[in-house]
Amino acid sequence: MKRLPDSELEVMKALWASGPDTSRAQLEEALAPLGLASNTVNTYLTRLQEKGFVTARRDGKLNRYTPLVSQEDYRAFDSRSILTKLYDSSPRNFVAALAKGGLTDKDVAELRSLLDELGGGNHG
């Protein structure tokens, strides 16, 4: 799997939200706020098919698109990629960078809760 450029990721987000067998018209409607031309959407869909993220099937005169990679799988991959490239594979370095940007008490409480769920809160 490869990291997607932001533009292609926006198309994937629209597909994930729409679900399998999304028509081109539905997809363009979902992407309308971005102001993408029809040809541009087509280019992104072609690239996503070539990368193995999307499959297309003919339905009469329509193309219908289905994501082949789940949003959860992509998020896990992308998070690991960012952690590796920017934070030397260290979750601690990542959280330290977040803290420099300003974590609220609520953010810290949510992180503690998550660590407890993951079993990380049992280390004293």
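Here is a short report on the structure shown in this document. This is a predicted model, so every value here is computed, not measured.

## With respect to the sheet that holds strand β3 (residues 62–67)
Then, number 1: On the basis of which strands lie adjacent, the open sheet formed by three strands has the order β1-β3-β2 and antiparallel pairing. Whereas interior strands pair on both sides, the edge strands pair on one side only; in this sheet they are β1 (22–23) and β2 (54–59).
Then, number 2: Pairing between β2 and β3: six bridges, direction antiparallel. Within β3, the position partnered with D59 by the bridge is L62.

## Describing the pairing of β3
Then, number 1: Here β1 runs beside β3; their pairing, made up of two bridges, is antiparallel. Of the residues in β3, the one forming a bridge with T22 is Y65.
Then, number 2: If you look at the hairpin formed by β2 and β3, you'll find two residues sitting between the two strands, and G60 has a positive phi there, around 65 degrees.

## Side note on the pattern of salt bridges
Then, number 1: In the structure shown here, the tally under the stated rule is eight salt bridges.
Then, number 2: A salt bridge links E8 to R47; the nearest nitrogen and oxygen atoms lie 3.6 Å apart. Placement of the pair is E8 in helix α1 (residues 6–18) and R47 in helix α3 (residues 38–50), with a sequence separation of 39 residues.
Then, number 3: Accessibility expressed as a relative area gives 2% for E8, which makes it buried.
Then, number 4: D21 is the salt-bridge partner of R57, the closest N and O atoms lying 3.0 Å from each other. Taken together, the residues span a long stretch of sequence, with R57 in strand β2 and D21 in the loop between α1 and β1 at a distance of 36 residues.

Analysis parameters
- For every chain, the first residue of the written sequence is number 1, and numbering continues from 1 along that sequence.
- pLDDT decides what is reported in this predicted model: residues at 70 or higher carry local features, side-chain atom pairs at 80 or more are listed and counted, and totals for whole chains, interfaces and linings draw on all residues regardless.
- Based on all heavy atoms of the structure, the side-chain values leave hydrogens and waters out of the count.
- Any two strands with at least two DSSP bridges between them are considered paired.
- Working definition: helices are DSSP H or I runs of at least four residues, strands are E runs of at least two. Numbering for both runs from the N terminus.
- The term salt bridge refers to a pairing of a side-chain nitrogen on Lys or Arg with a carboxyl oxygen on Asp or Glu at a separation within 4 Å.
- Relative accessibility decides the category of a residue: with a 1.4 Å probe and only protein chains considered, values under 20% of the type maximum give buried, values over 50% give exposed, and everything between is partly exposed.

Function-wise, these values are silent; they only describe arrangement.
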